[in-house]
Amino acid sequence: NAGVTQTPKFRVLKTGQSMTLLCAQDMNHEYMYWYRQDPGMGLRLIHYSVGEGTTAKGEVPDGYNVSRLKKQNFLLGLESAAPSQTSVYFCASRRYPSTDTQYFGPGTRLTVL
Amino acid sequence: AQSVTQLDSQVPVFEEAPVELRCNYSSSVSVYLFWYVQYPNQGLQLLLKYLSGSTLVKGINGFEAEFNKSQTSFHLRKPSVHISDTAEYFCAVSEAGVSGGSYIPTFGRGTSLIVHP
């Protein structure tokens, strides 16, 4: 049982480049989330999904897109990266409908030059 | 909508001393409360949670927290800290009894616990 995994662990992009972050969970969780973590800002929700084929915007969705084609995977895309998107990105998953906790991945450290 | 305030961004303490990390929340409805810990270069993991019942909640690694509804607080405590407790601690709140897609927890900005030898 790997839990929540994220690929890649590190990435450096140039401004304007695109990339996709992959989150995978093997716990059959319904809910999945993408957060960014910046110093002094805590965790801010980018997008989330309540099930396969459905996504919704969180607190800071601009500049990001997501897809949930399979229940176990949640992809976060940056179409045209900007330096303001330099951050650590965390994926999390959670069961439905219980009051269970969120299970977090190890994070992806992204630097946009 | 709910909000969370972690009153201290950084808490330095000596090893074997007690520590309290403060968390206050705001919500117009009943809530569930969580404390997560993030060790350096890792993801978050659950320390403890309050859903209902006893207001004193015990978690992993000797931590405990007390839910105080009148003061809208959920402070985290440990009677004697170790060097290995050095980490970032996050308080989170979500609305109780909400079903469907509205199960979105709100996180505080985090408190960095620094344990000195």
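Our structure is the block above this text.
Worth saying up front: this structure is predicted, and the values here are computed from it rather than measured. Position labels on residues start from 1 in each chain and follow its written sequence. Chains carry letters from A onward and ligands carry numbers from 1 onward, assigned in written order. Totals for whole chains, interfaces and linings use all residues, but because this is a predicted model, local features are given only for residues with pLDDT of at least 70 and pairs of side-chain atoms are given and counted only at 80 or more. Only hydrogens and water are removed before side-chain values are computed, so all heavy atoms of the structure are retained for them.

Chemist: Mind showing me how you'd approach the interface of chain B and chain A here?
Modeler: By a frequent convention, interface size equals the accessible area lost on bringing the separate parts together. The criterion used for residue contact is that any of the two residues' heavy atoms lie within 4.5 Å. At the junction of the two partners, chain B supplies 21 residues and chain A supplies 24 residues. Buried area is a sum: the accessible area each of two parts loses on coming together, probed at 1.4 Å, counted once for each and added. Together chain B and chain A conceal approximately 1,800 Å² of surface at their shared face, both sides included; 58% is due to carbon and sulfur atoms. As used in this structure description, the phrase polar contact means that two N or O atoms lie within 3.5 Å; if the pair is within protein, one of them must be able to donate a hydrogen and the other to accept it, and residues adjacent in sequence are counted only when both atoms belong to side chains. Applying the counting rule to chain B against chain A returns 2 residue pairs in polar contact (both at pLDDT 80 or more). Taken together, the elements giving at least two residues each to the side of chain B that touches chain A come down to strand E5 (31-38), strand E6 (44-50) and strand E10 (87-95) of chain B. Put simply, DSSP marks the helices as runs of H or I at least four residues long and the strands as runs of E at least two long, and each gets a number from the N terminus on.

Chemist: Hey, could you run me through the state of the cysteines in this one?
Modeler: Note on terminology: disulfide describes a covalent bond linking the sulfur atoms of two cysteines. Residues and elements named next belong to chain B. We call a pair of cysteine sulfur atoms a disulfide when they lie within 2.5 Å. A complete count under the given rule lists 2 disulfides over all chains for this structure. Residue pairing for Cys-23: its cysteine sulfur links by disulfide to Cys-91, the two sulfurs lying 2.0 Å apart. On the S-S bond that ties Cys-23 to Cys-91, the torsion sits near -65°, and the link is left-handed. Here Cys-91 lies in strand E10 and Cys-23 lies in strand E4 (residues 23-26), a separation of 68 residues in the sequence. Exposed residues in this analysis have more than 50% of their type's maximum accessible area, buried residues have under 20%, and partly exposed residues fall in between, with area computed by a 1.4 Å probe over protein chains only. Residue classification places Cys-23 among the buried residues on the basis of a relative accessible area of 0%.

Chemist: Any chance you could explain the nonpolar core here in plain terms?
Modeler: Nonpolar side chains tend toward joint burial in soluble globular proteins. Nine residue types can take part in a nonpolar core, namely buried Ala, Val, Leu, Ile, Met, Phe, Trp, Tyr and Cys, and a core is a set of them joined through side-chain atoms within 4.5 Å. In terms of nonpolar packing, the biggest core is built from 28 residues, with Trp-35, Leu-48, Leu-76 and Tyr-89 of chain B touching the most fellow members. Among residues more than four places away in sequence, those in contact with Leu-76 of chain B are Val-19, Glu-20, Leu-21, Trp-35, Leu-47, Leu-48, Phe-63, Glu-64, Ala-65 and Tyr-89 of chain B. With 19 residues, the next largest nonpolar core counts Val-4, Ile-46, Val-60 and Phe-74 of chain A among its residues.

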